[in-house]
Amino acid sequence: MQVRCINSLADISAADWNRLTDDSNPFLKHEFLAALEQHHCLEENGWQPSHIVVSEQGRLRGAMPLYLKWNSFGEFVFDWTWAEAYQRAGGIYYPKLVAAIPFTPVTGPRLFVGQANEGQTQITGALIDGALNLARQLDVSSLHCLFTTTEDTDQLEQNGLMRRVGYQYHWSNRPYRDFQEFLDSLTSKKRKQIKRERRTVREAGIRIDILTGDQINDQHWDTFYGFYCSTFYRKWSQPRLTLDFFKSMGSKLASNTILLLARQQSRYVAGALCLRGKDTLFGRYWGCSEPFTNLHFEMCYYQAIEYCIANKLKRFEAGAQGEHKLSRGFAPARTWSAHWIRDASLHRAVEDFLLREQQIVDRYIGSLNHHAPFKQVSA
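These remarks concern the structure in this document.

Calculation criteria
- Residues numbered from 1 in each chain as written.
- Predicted model: local features only at pLDDT ≥ 70, side-chain atom pairs only at ≥ 80, totals over all residues.
- Heavy atoms only, no water.
- Helix = DSSP H or I, 4+ residues; strand = E, 2+ residues; numbered from the N terminus.
- Contact = heavy atoms within 4.5 Å.
- Polar contact = N/O pair within 3.5 Å; in protein donor to acceptor, adjacent residues only side chain to side chain.
- 1 Å grid on protein atoms, 1.4 Å probe; cavity = no way out; pocket = protein on both sides within 12 Å on 5 of 7 lines; lining within 4 Å.
- Points joined across faces, edges and corners; volume = space filled by probe spheres on them.
- Nonpolar A, V, L, I, M, F, W, Y, C, P; charged D, E, K, R; others polar.
- Pairing = 2+ DSSP bridges.
- Axes fitted to C-alpha atoms, helices over the stretch in contact; angles between N-to-C directions.
- Parallel < 35°, antiparallel > 145°, perpendicular 65-115°, else oblique.
- Left-handed = near helix turned anticlockwise from the far one by under 90°.
- Salt bridge = Lys/Arg side-chain N within 4 Å of Asp/Glu carboxyl O.
- Buried < 20%, exposed > 50% of the residue type's maximum accessible area, 1.4 Å probe, protein only.
- Expected span 1.5 Å × (residues − 1).
- Bend = angle between axes of the 7 residues up to and from the residue.

**Observations concerning the environment of R163**
Here R163 lies in strand β8 (residues 162-172). Considered as a pair, R163 and A131 are 32 residues apart in the sequence and their alpha carbons are 17 Å apart. When neighbours within four sequence positions are excluded, R163 is seen to be in contact with T153, D154, E157, W336, S337 and L354. Polar side-chain contacts of R163 include one of 2.4 Å to the side chain of D154. At 3.0 Å, the side chain of R163 and the side chain of E157 are in polar contact.

**Here's the deal with the layout of surface pockets**
By volume, the largest pocket amounts to about 1,100 Å³. If you go around the largest pocket, you meet 40 residues; those closest to its centre are F76, T231, K235, R284 and Y285. Residue assignment for the lining of the largest pocket shows that the elements contributing at least two residues are α8 (218-234), β11 (267-276), β12 (280-288) and α10 (295-310). Split into classes, the residues belonging to the lining of the largest pocket amount to 22 nonpolar, 11 polar and seven charged. By volume, the second largest pocket amounts to about 400 Å³. What lines the second largest pocket is a set of 19 residues, and nearest its centre among them are F76, F78, G166, Y167 and Q321. Elements with a minimum of two residues in the lining of the second largest pocket: β8, β14 (331-341) and α11 (344-369). Per element, the largest residue contribution to the lining of the second largest pocket is six residues, and it comes from β8. Here the residues of the lining of the second largest pocket are counted per class, giving 10 nonpolar, six polar and three charged.

**Looking at the sheet that holds strand β4 (residues 59-64)**
As summarised here, the arrangement of the three strands in space is β1-β3-β4, forming an open sheet in which the pairing is antiparallel. Looking at the sheet topology across the chains shown, the edges are occupied by β1 (2-6) and β4. Within this sheet the neighbouring strands show an average axis-to-axis angle of 30°, counted without direction. Contacting β1, β3 (51-56) and β4, helix α4 (residues 120-138) crosses the sheet at an angle of about 135° to β3.

**Description of the packing of helix α3 (residues 80-88) against α11**
Between α3 and α11, the shortest axis-to-axis distance is 11 Å and the interhelical angle comes to 150°. The orientation of α3 relative to α11 falls into the category roughly antiparallel. The handedness of the crossing between α3 and α11 is right-handed. Residues W82, A85 and Y86 of α3 form the contact with α11, whose own contacting residues are L346, V350, F353 and L354. Grouping the amino acids of the contact of α3 with α11 by side-chain chemistry returns seven nonpolar, no polar and no charged.

**A short note on the sheet that holds strand β10 (residues 257-264)**
An order of β2-β5-β6-β7-β14-β8-β13-β12-β11-β10-β9 is seen for the 11 strands of this open sheet, with the pairing classed as mixed. Edge strands, defined here as strands with exactly one partner in the open sheet, are β2 (47-49) and β9 (206-212). Across the sheet, the axes of successive neighbouring strands diverge by a mean angle of 30°, strand direction being ignored. Looking at chain direction, β10 and β11 are connected through eight bridges and run antiparallel. Within the sheet, the bridge partner assigned to T257 lies in β11 and is L275. Where helix α9 (residues 243-252) meets the sheet, it contacts β10, β11 and β12, and its direction lies at approximately 55° from that of β11.

**What about the pattern of salt bridges?**
One pass over the structure, following the stated rule, counts 20 salt bridges. We note a salt bridge from E181 to R177, for which the minimum N-O separation is 3.4 Å. Residue classification places E181 among the partly exposed residues on the basis of a relative accessible area of 23%. Two residues, E306 and R198, come together in a salt bridge whose shortest N-O distance is 3.3 Å. Of this pair, E306 sits in helix α10 while R198 is found in helix α7 (residues 188-203), placing the two residues 108 residues apart along the sequence. Members of the salt-bridge network, linked through shared partners, are K69, E75, D79 and K96.

**Remarks on α10**
Owing to its 3.6 residues per turn, the α-helix brings residues three or four apart onto one side. For α10, with 16 residues, the first-to-last C-alpha span of 21 Å sits near the 22 Å given by 1.5 Å per residue. Along its length, α10 reaches its greatest deviation from straightness, about 25°, at Y302. In terms of residue burial, α10 counts as a mostly covered element, since 13 of its 16 residues are buried. One or two residues past the end of α10 sits K312, with phi positive at roughly 60°.

This is the structure in structure tokens:
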């Protein structure tokens, strides 16, 4: 069994890589990750591909999407205070190694071994050992595996990494027959709020075009990209993804790509992008030409919920953070990550912090659940 590091997914065929993943999550696919590399989204933003792969007799048996990181941007599991503590103690925190999907806070496997792969435990162990050995070889400060599945988190913890809990807000399809049945499940106050928000968009003369697959052309991508960039410019930041990336992803993952464009008469005024997995819709990016009351909620939440109901998807993940999602039918869901820190004293300090942090997160999720917008069902 051979364990090695590769610096480009061009070294691995899409068929071999995708054979180790599944259809639940389009962000794991070779087409998505390779497009990030090929279209100048990564190294320009501090992500250097350093993937771990395991082969046996010339056949790819395991893989881990891994990056040498020169900052902590685009991760959504925040370690800024750890970096400050490391540097105050005289160490150099960057670079570090990160196993993640760049700019994508979506839970999924980080230890790719396939669905029916014999010797999964051995291959999983080889991937973890390979990442830790690379961390020591490069003399980096730490290794971070972000938005890991429960199974991967357990494996990583058993191999010496520290477990960290976080949370997002996800919408679940119960399933509903239509959007009205979803509304009927909410309290009167929340139901009226959503109806009012949707009505203001209609009264502004805005209509939403939902485009999928081959319906999306280059002009649509050009229009959306302007909206995407505007979101970053308003925050005095720079867009991370390029127009060529979006066009490549839209072409190679056409069946997964859903583009929403809002128009006022004949003029597009906003756009939102979702990707569809096997049973989940993932909301990713949004932007607008000017502020319209409640348009963000309509495009990024309500249209997506309607799509999930119509297409019998089980869940909608609208991205990181956002307590305001709770009143719109979303519920808190735990997320996981796993961490290894080279310096033993900081490792112990972080381990103690994570234990206390988990208690705080658990209490907070409990309090959020008490404020769920759904009607109380009598026993």
